[in-house]
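Inside the fold
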Amino acid sequence: MCGIVGYVGARSVVDVVIDGLRRLEYRGYDSAGVALVYQPEGADPYLAFDKKAGKLANLEAVLDGQDRSLEASCGIGHTRWATHGVPSDRNAHPHLSADGRIALIHNGIIENFGQLRAELEADGVEFLSDTDTEVAAHLLGREYAADGDLTEAMTRVCARLEGAFTLLAVAADDPDTVVGARRNSPLVVGLGDGEYFLASDVAAFIAYTTDAVELGQDQIVTISRESGITVRGFDGKPSEGKPFSVDWDIAAAEKGGFETFMRKEINEQPTAVADTLRGRIDETGQIVLDEVRMSDQDFRDIDKVFIIACGTSYHAGLVTKYAIEHWTRIPCEVELASEFRYRDPVLDRSTLVVAISQSGETMDTLMAVRHAKDQKARVLSISNTVGSTIPRESDAVLYTRAGIEVAVASTKAFLTQLAACYLVGLHLAQVRGIKYADEVSAVLDELVAAPGKIAKVIENLEPVREMARQCAALGTDRVLFIGRHVGYPVALEGALKLKELAYLHAEGFAAGELKHGPISLIEDGTPVIAIVPSPRGRSLLHDKIISNIQEVKARGAKVIAICEEGDRITAAHADFVFETPASPTLLSPLLTAVPLQEFAAELATALGRDIDQPRNLAKSVTVE
Ligand code: F6R
């Protein structure tokens, strides 16, 4: 939520900052701004800034019209997802101190900003925006005026702020320094040759360097061409970051020939799932986690599992409940992370909390993790972002290896979360003593075969696109999704994708619930997408959903069924069928979710929506 970039070095500062913002735009895109410090020869340094409501392109248009004969020596840039104050030029970052000597950008929420603003206003400070950020700019300006040391000033300001924040600042008369601070909000450092970067994530600077430093909680970092990088705690004590090397390159952050990142990421799913599974099953058939600060006995002592997550990751959690309960016989609850800690859940040392988060930074999930840890529960996280906060604070971690996901709507992250969740379920089953040893080893074989089947689904998506275009042409204003068992979370996910991308009313239901109310939504021609389980095995489920299809058809619905190949019964009842390869029911979401992603992307495209950056959304939601 909000993308932040800082740079000091010999390259064109404005180009580096804008390039970084372009790669971070997925974090927020309702306004953007830059502040640049110039050092003209034989004259005093000075600060210039520009900010513009709307996408980054609006800011670029302003900058393109400017005289670029003098290069800045350092700078900061911001792309915003609004929390306090509407998206507008005046609320865009950077914000300036009252004397105009400091420019500051911010990601997060300063919770005590009301009290600080009242205090500053009582002292005669005039506020120019409705943001919480501006208090930090004014406080920093005052502190900087005291001794002209930006790092010391930032340290004193951080001591006064409550909430979650990443701050970056530059000063008009210090052309060689960018200072950053972080609490509960991401900030990484990029190390180049005589140049340094600060950013919300490494995507902003991998075009220039793959050497990075991870910062800890409550740390302040100063980058300068002259003195390099220095890190200290909010308490002023010298500290060190943790160096790491970024293992993906710039090509991974580009569109690779696709028109949108979302289309590229849908197509990357077979590889992403294969990468997530690779090397995770050792030669004895045991599942290997990445970071484990729990003993096998700790795992054996677990008598209850809670899965916490938000949005799409929550849907991955809902699927996982079926798998964990079936394979381990341990009761498993799934809860929206934003609700978890407010209802006082019953947790203790024998509870395992599984936190699922692509970004590893989602504030709702992070707060739920901290609540679980306070109650002494063990936390195992599943995340796509190495070194992010949620994995760092967990007792055990399994990383999905989806690579960077740029499109705001999650696709490959979802499928890799499913793959990782299955591994966690199987790991639990193995550590505790497997009840269904044959089934578990068969499932592992099926998991390994899944990427090939996902590729087959992706090759054959054209009929789904055609169906989506027809819905758009007919002016469809609502789409219902129904499923049973693991098909129910897939229905929820299909509806979420369509809502967020096409801005249509879309809802997912447990198919059996339709008759208890939602069936009244159906009118002549209403599209209903049914996720049909395999007719093999749990055939009872299959019969039941066929009845549900008949119920909605009797009321005029147009039924689009996602079913297993060769399912003649479904073909006889639905208006349109999309067939997926045969798979065990528990693993079927890896296949059935894909046509729903494509359906949403195509329908939204036909309606002229921006599918990579849907309105009002941001990729990494670092506020509660
Ligand atoms: C929807 C989507 C969101 C995220 C949610 C959680 O397409 O991407 O619903 O799944 O914001 O994000 P993470 O997984 O980063 O915690």
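Rules of the game
Residues numbered from 1 in each chain as written. Predicted model: local features only at pLDDT ≥ 70, side-chain atom pairs only at ≥ 80, totals over all residues. Heavy atoms only, no water. Helix = DSSP H or I, 4+ residues; strand = E, 2+ residues; numbered from the N terminus. Rg over C-alpha atoms; globule rule 2.2 N^0.38 Å. Buried < 20%, exposed > 50% of the residue type's maximum accessible area, 1.4 Å probe, protein only. Contact = heavy atoms within 4.5 Å. Areas by Shrake-Rupley, 256 points an atom, 1.4 Å probe, with all protein chains shown as cover. Lys, Arg positive; Asp, Glu negative; His and termini not counted. Charge placed at Lys NZ, Arg CZ, Asp CG, Glu CD. UniProt positions renumbered as here; feature names shortened; annotations may be inferred. Expected span 1.5 Å × (residues − 1). Pairing = 2+ DSSP bridges. Near = heavy atom within 4 Å. Polar contact = N/O pair within 3.5 Å; in protein donor to acceptor, adjacent residues only side chain to side chain. Nonpolar A, V, L, I, M, F, W, Y, C, P; charged D, E, K, R; others polar. Core = buried A, V, L, I, M, F, W, Y, C linked by side-chain atoms within 4.5 Å. Salt bridge = Lys/Arg side-chain N within 4 Å of Asp/Glu carboxyl O. Axes fitted to C-alpha atoms, helices over the stretch in contact; angles between N-to-C directions. Parallel < 35°, antiparallel > 145°, perpendicular 65-115°, else oblique. Left-handed = near helix turned anticlockwise from the far one by under 90°.

Digging into the overall build of the protein chain
Counting its regular elements, the protein chain contains 19 helices and 26 strands. In terms of C-alpha radius of gyration, the protein chain reaches 26 Å, essentially the compact-globule figure of 25 Å for 624 residues. Once the C-alpha set of the protein chain is aligned to its principal axes, its extents read approximately 85 × 60 × 45 Å. In the protein chain, which comprises 624 residues, the share counted as buried stands at 61%. Pairs at least 24 apart in sequence give 72% of the contacts found in the protein chain among residues at least 6 apart. Carbon and sulfur atoms make up 49% of the accessible area of the protein chain, which totals about 22900 Å². Once the 62 positive and 91 negative side-chain charges of the protein chain are each reduced to a mean point, those two points are 5 Å apart.

Description of helix α7 (residues 269–277)
At 3.6 residues per turn, the α-helix brings residues three or four places apart onto the same side. α7 sits mainly inside the fold: 7 of its 9 residues count as buried. Considered for burial, the residues of α7 that qualify are Gln269, Pro270, Ala272, Val273, Ala274, Thr276 and Leu277.

Notes on the UniProt feature "active site" (unreviewed entry) in the protein chain
When the UniProt feature table is mapped onto this chain, "active site" (unreviewed entry) is found at Cys2 and Lys619. Spanning 618 residues, the annotated positions come together in the fold, the maximum distance between their C-alpha atoms being 9.1 Å. For cysteine 2, the position within the fold is in the segment before β1 (3–8). Beyond its immediate chain neighbours, meaning those up to four positions away, cysteine 2 contacts Arg27, Gly28, His78, Thr79, Arg80, Trp81, His106, Asn107 and Ser200. Within the secondary structure, lysine 619 is located in the segment after α19 (589–606).

Structural notes on helix α11 (residues 363–374)
Between the first and last C-alpha of α11 there are 16 Å, a value that for 12 residues agrees with the 16 Å anticipated at 1.5 Å per step. Among the 12 residues that make up α11, 9 are buried, leaving the element largely enclosed by the rest of the structure. Of all the positions in α11, only Met363, Asp364, Thr365, Leu366, Met367, Ala368, Val369, His371 and Ala372 are classed as buried. Residues of α11 that are buried sit in contact with β7 (163–171), β17 (304–309), α10 (337–340), β19 (351–357), β20 (378–383) and α12 (389–392). Two residues or fewer after α11 comes lysine 376, characterised by a positive phi angle close to 75 degrees.

Notes on the sheet that holds β7
Strand order in this open sheet of 7 strands is β5-β6-β7-β8-β12-β13-β14, and the pairing throughout is antiparallel. Two strands close off the open sheet at either side, each with one partner strand: β5 (95–96) and β14 (238–239). Pairing of strand β8 (residues 174–183) with strand β12 (residues 219–224) involves 5 bridges; the strand directions are antiparallel. The residue of β12 that forms the bridge with valine 178 is isoleucine 223.

Structural notes on the site of the ligand
As a structural note, the neighbourhood of the ligand is formed by 14 residues, with Ser313, Ser357, Gln358, Thr362 and Glu500 the closest of them. Here serine 357 contributes a side-chain N or O atom positioned 2.7 Å from an oxygen atom of the ligand. Contact with the protein chains covers 88% of the free accessible surface of the ligand, which is 410 Å². Counting residues per element, the ones that place at least two in the shell around the ligand are α9 (311–328) and α16 (487–502). When residues of the shell around the ligand are assigned to their parent elements, the largest contribution, 3 residues, is made by α9. Considering only residue class, the shell around the ligand consists of 3 nonpolar, 9 polar and 2 charged.

Digging into the pairing of β12
For β12, the buried fraction is high: 6 of the 6 residues fall into the buried class. The side-chain alternation of β12 yields two buried faces, one formed by Gln219, Val221 and Ile223 and the other by Ile220, Thr222 and Ser224. Sheet analysis places β12 next to strand β13 (residues 228–233), joined by 6 bridges and oriented antiparallel. Across the sheet, residue isoleucine 220 finds its bridge partner in β13, namely arginine 232.

Thoughts on the nonpolar core
Counting residues in each nonpolar core, the largest one holds 121 residues, and the members touching the most others are Val305, Tyr422, Phe481, Leu498, Ile529, Phe599 and Leu603. Of all the elements, helix α13 (residues 412–432) adds the most residues to this core, at 13 residues. Every residue in contact with leucine 498, bar those within four places of it in the chain, is listed here: Val479, Phe481, Tyr503, Leu504, Ala506, Phe599, Ala600 and Leu603. Counting residues in hydrophobic clusters, the runner-up holds 28 residues, among them Leu139, Leu161, Ile220 and Phe234.

As for the UniProt feature "domain: Glutamine amidotransferase type-2" (unreviewed entry) in the protein chain
UniProt tags residues 2–226 as "domain: Glutamine amidotransferase type-2" (unreviewed entry). Taken end to end, residues 2–226 has its terminal C-alpha atoms 29 Å apart, with 24% of it in helix and 34% in strand.

Observations regarding the pattern of salt bridges
A full pass over the atoms with the stated rule returns 44 salt bridges. Of the charged contacts, one joins arginine 68 and aspartate 15 as a salt bridge, the two residues approaching to 2.9 Å between their closest N and O atoms. Within this pair, whereas arginine 68 is found in the loop between α2 (56–64) and β4 (74–80), its partner aspartate 15 is found in helix α1 (residues 13–24), the two being separated by 53 residues in sequence. Relative accessible area serves as the criterion here: at 34%, arginine 68 is assigned to the partly exposed category. Judged by its relative accessible area of 41%, aspartate 15 is partly exposed. A salt bridge links lysine 304 to glutamate 333; its shortest N-O distance comes to 3.1 Å. Here lysine 304 is found in strand β17, whereas its partner glutamate 333 is found in strand β18 (residues 332–336), with 29 residues between them in sequence.

Digging into the environment of valine 354
Turning to its location among the elements, valine 354 is positioned in strand β19. Residues valine 354 and lysine 497, 143 residues apart in the sequence, show an inter-C-alpha distance of 23 Å. Residues contacting valine 354, with those up to four places away along its chain left out, are Val305, Phe306, Ile307, Ile308, Leu380 and Ile382.

Let's talk about the packing of helix α3 (residues 113–122) against helix α4 (residues 133–147)
Where α3 meets α4, the closest approach of the two axes is 10 Å, and the angle between their N-to-C directions is 50 degrees. Considering their axes alone, α3 and α4 lie oblique with respect to each other. Considering how the two elements wind past one another, α3 and α4 form a crossing that is left-handed. For the pair formed by α3 and α4, the contact residues are Phe113, Leu116, Arg117 and Leu120 on the first element and Val135, His138, Leu139 and Arg142 on the second.

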